[in-house]
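Read off the chains here:
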There are 2 protein chains.
Amino acid sequence: MTKPRKKGAAALPLNTILDGDCIEVMNSLPENSVDLIFADPPYNLQLKGDLHRPDNSKVDAVDDEWDQFSSFAAYDKFTREWLAAARRLLKPTGAIWVIGSYHNVFRMGAELQNQGFWILNDVVWRKSNPMPNFRGKRFTNAHETMIWASKSEGSKYTFNYEALKSLNEGVQMRSDWVLPICTGHERLKNENGEKAHPTQKPESLLHRVLVGSTNPGDVVLDPFFGTGTTGAVAKMLGREFIGIEREEEYRKVAEKRIKSVKKYDKEALEVSTSKRAQPRVPFGQLVERGMLRPGEELTSMNGRYKAKVRADGTLVGKDVKGSIHQVGAAYEGAPSCNGWTYWTYKKEGKKVPIDLLRQEIRAEMARPN
Amino acid sequence: MTKPRKKGAAALPLNTILDGDCIEVMNSLPENSVDLIFADPPYNLQLKGDLHRPDNSKVDAVDDEWDQFSSFAAYDKFTREWLAAARRLLKPTGAIWVIGSYHNVFRMGAELQNQGFWILNDVVWRKSNPMPNFRGKRFTNAHETMIWASKSEGSKYTFNYEALKSLNEGVQMRSDWVLPICTGHERLKNENGEKAHPTQKPESLLHRVLVGSTNPGDVVLDPFFGTGTTGAVAKMLGREFIGIEREEEYRKVAEKRIKSVKKYDKEALEVSTSKRAQPRVPFGQLVERGMLRPGEELTSMNGRYKAKVRADGTLVGKDVKGSIHQVGAAYEGAPSCNGWTYWTYKKEGKKVPIDLLRQEIRAEMARPN
DNA sequence: AAGCTCTCTGAATCGTCAC
DNA sequence: AGTGACGATTCAGAGAGCT
């Protein structure tokens, strides 16, 4: 008997490609078990026979509209069903990415909202090398749209803000991503030298998605696995994947591809983290440790206000008492204030933010004794 | 009796702003009479509490009564009705543009398709100066989406391919447009010096829409006229406009604005295009694109130092972590360092500056397609 | 005049934890 | 489950005012 890795994840077929219709397969997996779903569904579905109108010899306008509506209805039914199955699989803290073009993305987005998913961003993949519009009748179709949504309004989700900011030269990542389409050696070929899949996504796209919205060890499911870009990048990044794909050809190509992929070293997978992840240090510790003395005077960063430190780690100023945050907020008439960066103390004649003292304590805590 | 300008256009109140609910007003106008509709409907933002910038200033949110809907169902009903009224007004050769954000655009897009409109492109307005995400919880919402659709599948529509190509330095116009938001003197103020409308669109956006999808003399209708950007640009470009707006304040501002607008001389249409600076390439892109692998070792140009690449595009060396610039500066004890020219990677046994990889990306970005 | 600093602002679904 | 305290968090560009 194997030990389950995580609660609720016992029965998950990790790092495998499952054969079959994604709706049925997803419904056979345990609910609330997956951290992220990335889905690149087809939009050119073959319609089922019963939804086709009878083969009239002549088509008038009314029939035309009915036909159009019936095909949208079939597509909507498909979308509703696979999204519901995906939603069932997601942990409450999970999230989903879907990608599409104007043919299908509006219907997917509306259905996501209808099912209670909470859209976090729509992200535009701006292709640096799209296919031109040869006939000159429209704009070059130079982008695709992704939708990123949490499971419900208010639910927690993973967002590695600092890592993405690092990926973007220190500026916060925007909702428009400029990345090239998948070409060259990355583009998989079949035995005949033809491209193995018509819409293979670039690994760079998945890299950004997975670095930004999962942590190492998270389970990532792709219900339209194709040639397995999601699985390949998940493996490189130390995430677990589950693929679902009904075409044997694609499964074979994906299997081989993923086998040849190597996981990056552990050190390379650590990403920049935010202060939020660091341990909380009560201001009182600075006093207890003698880094600040009771009675010592702090000055606001802008030099306008002063307050005295008390033995219990509160401040007392003109007509105000309370925490470093409360006194700062009261002085500034602001709804809130980060006292750590607002207050300074005198060190060798110079104003130094008290946050530096907190950093000393944190560094000491991080040291392995 | 006045001579009708065009067949079916006899009763059109050209170049006026009509007062009232846009659905009722549109239904009172003659069908099949309008060449283009540009619609910027309420987005149904569903904002909850206040939002403050990191400096504690409060963001002036779009909390206007006209953007409040009780549910998606109510918003969908509204969308269905105004789109049906718009469709009735359009000539068979007409087209429509709608603009929205992820809050509403998926619902609009799906309803456009349901009613038989034929989507020609979705066009992304990439804002060069969007509002940042102040809390670091999502991607910067840096774009809005427009949908361009003809009245029906197969119907003729206007597309001035060559004019747009000229606007784009001789290169085919793409589906992503980089334009700044409306600020400065273009942003209209009321008597109190406050912004006259919370969501005024830039004239540059309408300029491109109207140059691309109408001809001089065409009738352009905007059912959510606001402060009249559509009317102002239409007048400049020698198109006829019809505005519908139910808020008297907005109508007054728009009226005054349009009165002061002059129709362009032909040659005034030439716009000087600013020379583009070299695009900034984040180092993280080299990692995302697989040009460098997480875990790969870089060597300083002088051969003295080494550091490893991490998945988020930062470097980790001996006791140092950070961007390519930060780690280089730390090693050299210098205040700053150009990491692009400082670091090298191994290619076929030889040390190659990473700047060469950046040049590859830039070359690709500069390529016309 | 040119350049500098400082201030302000923009369609935004913008916390989390302990008690 | 509701309350209160902590404390993390921003980019581009315009305009005003000053040197």
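Basis of the calculations
- Residues numbered from 1 in each chain as written.
- Chains lettered and ligands numbered in written order.
- Predicted model: local features only at pLDDT ≥ 70, side-chain atom pairs only at ≥ 80, totals over all residues.
- Heavy atoms only, no water.
- Helix = DSSP H or I, 4+ residues; strand = E, 2+ residues; numbered from the N terminus.
- Contact = heavy atoms within 4.5 Å.
- Phe/Tyr/Trp six-rings, centres within 6.5 Å; stacked < 30°, edge-to-face > 60°.
- Buried < 20%, exposed > 50% of the residue type's maximum accessible area, 1.4 Å probe, protein only.
- Lys NZ or Arg CZ within 6 Å of the ring centre and 35° of its normal.
- Near = heavy atom within 4 Å.
- Polar contact = N/O pair within 3.5 Å; in protein donor to acceptor, adjacent residues only side chain to side chain.
- Nonpolar A, V, L, I, M, F, W, Y, C, P; charged D, E, K, R; others polar.
- Lys, Arg positive; Asp, Glu negative; His and termini not counted.
- Salt bridge = Lys/Arg side-chain N within 4 Å of Asp/Glu carboxyl O.
- Buried area = accessible area lost by both parts, 1.4 Å probe.
- Domains from an automatic or database assignment.
- Pairing = 2+ DSSP bridges.
- Axes fitted to C-alpha atoms, helices over the stretch in contact; angles between N-to-C directions.

(A) Representation of the environment of Ala196(A) within the structure. All names here are of chain A. For alanine 196, the location among the structural elements is in the loop between β6 (176-179) and α5 (203-213). Through-space distance from the C-alpha of alanine 196 to that of valine 253 is 7.6 Å; in sequence the pair is 57 residues apart. Sequence-distant contacts of alanine 196, that is, excluding residues within four places in its chain, are made with Leu188, Lys189, Asn190, Thr227, Tyr250 and Val253.

(B) Structural context of the packing of aromatic side chains. Scanning all chains against the criterion turns up 37 aromatic pairs over all chains. For the ring pair Trp148(A) and Phe139(B), a centre distance of 5.4 Å and an interplane angle of 70 degrees mean the geometry is edge-to-face. Taken together, the positions of Trp148(A) in strand β5 (residues 143-150) and Phe139(B) in the loop between β4 (118-127) and β5 (143-150) put the pair across two chains. Judged by relative accessible area, Phe139(B) falls into the buried class, the value being 2%. Between the aromatic rings of Trp148(B) and Tyr157(B), the centroid separation amounts to 5.5 Å while the plane-to-plane angle is 90 degrees, which identifies the pairing as edge-to-face. Residue Tyr157(B) is classed as partly exposed on the basis of its relative accessible area, which comes to 23%. Its end group placed over the ring of Phe117(A), Arg87(A) keeps NZ or CZ at 4.9 Å from the ring centre. Sitting over the face of the ring of Trp125(A), Lys127(A) holds its NZ or CZ atom 5.2 Å from the ring centroid.

(C) Up close: the protein's contact with DNA strand D. All names here are of chain A. Residues in contact with DNA strand D amount to 28 residues; listed here are only the nearest, Tyr161, Lys165, Ser323, His325 and Arg358. Backbone atoms, meaning sugar and phosphate, form 60% of the atoms of DNA strand D found within 4 Å of the protein. Contact distances for DNA strand D include 3.1 Å between a base nitrogen and a side-chain N or O atom of serine 336. If you list the elements that add at least two residues to the surface near DNA strand D, you get α4 (161-167) and α10 (324-332). Taken together, the residues that form the surface near DNA strand D break down as 8 nonpolar, 13 polar and 7 charged.

(D) Representation of the side chain of Gln200(B). All names here are of chain B. Inspection of the secondary structure puts glutamine 200 in the loop between β6 (176-179) and α5 (203-213). For glutamine 200, a relative accessible area of 6% gives the class buried. A polar contact of 3.0 Å, which involves the side chain of glutamine 200, links it to the backbone oxygen of glutamate 186. A distance of 2.9 Å separates a polar side-chain atom of glutamine 200 from the backbone nitrogen of leucine 188. Here glutamine 200 is in contact with Cys182, Glu186, Arg187, Leu188, Thr227, Thr229 and Arg257, once residues within four sequence places are set aside.

(E) Local environment of the side chain of Arg239(A). Residues and elements named next belong to chain A. Looking at the element boundaries, arginine 239 is found in the loop between α6 (229-236) and β8 (240-245). Comment: no salt bridge for buried arginine 239; closest opposite-charge side chain is aspartate 218, at 6.1 Å. From its side chain, arginine 239 meets the backbone oxygen of leucine 210 in a polar contact 3.4 Å long. At 2.8 Å, the side chain of arginine 239 forms a polar contact with the side chain of threonine 214. Once residues within four sequence positions are removed from consideration, arginine 239 is found in contact with Asn15, Leu210, Val211, Thr214, Asn215, Pro216, Gly217, Asp218, Val220 and Ala234.

(F) Geometry of the pattern of salt bridges. Under the defined criterion, the tally for this structure stands at 33 salt bridges over all chains. Close ionic contact of Asp35(A) with Lys91(A) constitutes a salt bridge, the shortest N to O distance being 2.9 Å. Of the two residues, Asp35(A) sits in strand β2 (residues 34-39) while Lys91(A) sits in strand β3 (residues 90-100), which places them 56 residues apart along the sequence. You can call Asp35(A) buried: its relative accessible area is 12%. Looking at Lys91(A), the relative accessible area reads 19%, which means it is buried. One salt bridge in this structure joins Lys252(A) and Glu249(A), with 3.8 Å as the shortest N-O distance. Of this pair, Lys252(A) and Glu249(A) both sit in helix α7 (residues 248-259), 3 residues apart, which is roughly one turn of the helix. Taken together, the shared-partner salt bridges in this structure form one network comprising Arg126(A), Arg174(A), Asp176(A), Arg126(B), Arg174(B) and Asp176(B).

(G) Structural detail: the protein's contact with DNA strand C. Residues and elements named next belong to chain B. Around DNA strand C, 39 residues are found, and the nearest of them are Gln46, Arg53, Tyr102, Arg135 and Asn141. Close to the protein, within 4 Å, the atoms of DNA strand C are drawn from sugar and phosphate at a rate of 45%. In the model, a base nitrogen of DNA strand C is placed 3.0 Å from a nitrogen or oxygen of the tyrosine 43 main chain. Considering only residue class, the surface near DNA strand C consists of 19 nonpolar, 7 polar and 13 charged.

(H) Seen up close, the interface of chain B and chain A. Tallying the contact residues gives 78 residues for chain B and 76 residues for chain A. Across the interface of chain B and chain A, roughly 6900 Å² is buried in total on both sides, 50% from carbon and sulfur atoms. Its largest share of buried area at the contact with chain A, chain B owes to Phe106(B), Phe139(B) and Glu288(B), together 14% of the area lost on that side. A salt bridge links Arg126(B) to Asp176(A); the nearest nitrogen and oxygen atoms lie 2.8 Å apart. One can count 42 residue pairs in polar contact (both at pLDDT 80 or more) joining chain B with chain A. Looking at the side of chain B that touches chain A, the elements that each hand over two or more residues are α2 (72-89), α3 (105-114), β4, β5, α4 (161-167), β6, α8 (284-288) and β10 (306-309) of chain B. Class assignment for the residues of the side of chain B that touches chain A results in 32 nonpolar, 25 polar and 21 charged.

(I) How the structure looks around the domain arrangement of chain A. Taken as a whole, chain A is organised into domain 1 (16-46 + 57-269) and domain 2 (283-366). Taking only C-alpha atoms, the centre of domain 1 of chain A and the centre of domain 2 of chain A are 48 Å apart.

(J) Seen up close, helix α3 (residues 105-114) of chain A. Residue and element names in this part refer to chain A. A large share of α3 lies buried, amounting to 9 of its 10 residues. Taken together, the buried positions of α3 are occupied by Val105, Phe106, Arg107, Met108, Gly109, Ala110, Glu111, Leu112 and Gln113. In the stretch just after α3, glycine 116 is the one whose phi turns positive, near 95 degrees.

(K) Fine view of the pairing of β5(A). All names here are of chain A. Burial runs high along β5: 8 of the 8 residues are buried. Strand direction decides the pairing type here: β3 and β5, joined by 6 bridges, are antiparallel. Opposite tryptophan 97, over in β5, you have tryptophan 148 as the bridge partner. Taken together, the 8 bridges between strand β4 (residues 118-127) and β5 define a ladder with antiparallel strand orientation. Looking across to β5, one finds that isoleucine 119 is bridged to alanine 149.

(L) Looking closely at unusual backbone geometry. Backbone geometry at Asn32(A) places phi at a positive 50 degrees, although glycine is not the residue there. With relative accessibility at 35%, the residue Asn32(A) sits in the partly exposed group. Despite not being glycine, Glu348(B) has its phi angle at roughly 50 degrees, a positive value.

(M) View of the sheet that holds strand β14 (residues 350-353) of chain A. All names here are of chain A. The strand order across the open sheet built from 6 strands is β12-β11-β10-β9-β13-β14, with neighbouring strands paired in antiparallel fashion. Looking at the sheet topology across the chains shown, the edges are occupied by β12 (320-322) and β14. For this sheet, the mean inter-axis angle between neighbouring strands, taken without regard to orientation, is 35 degrees. Summarising the sheet, strand β10 (residues 306-309) and strand β11 (residues 315-317) pair through 2 bridges and their orientation is antiparallel. Opposite valine 309, over in β11, you have leucine 315 as the bridge partner. Running over the sheet, α10 touches β10, β11, β12 and β13 (343-347) and is turned about 150 degrees from β12.

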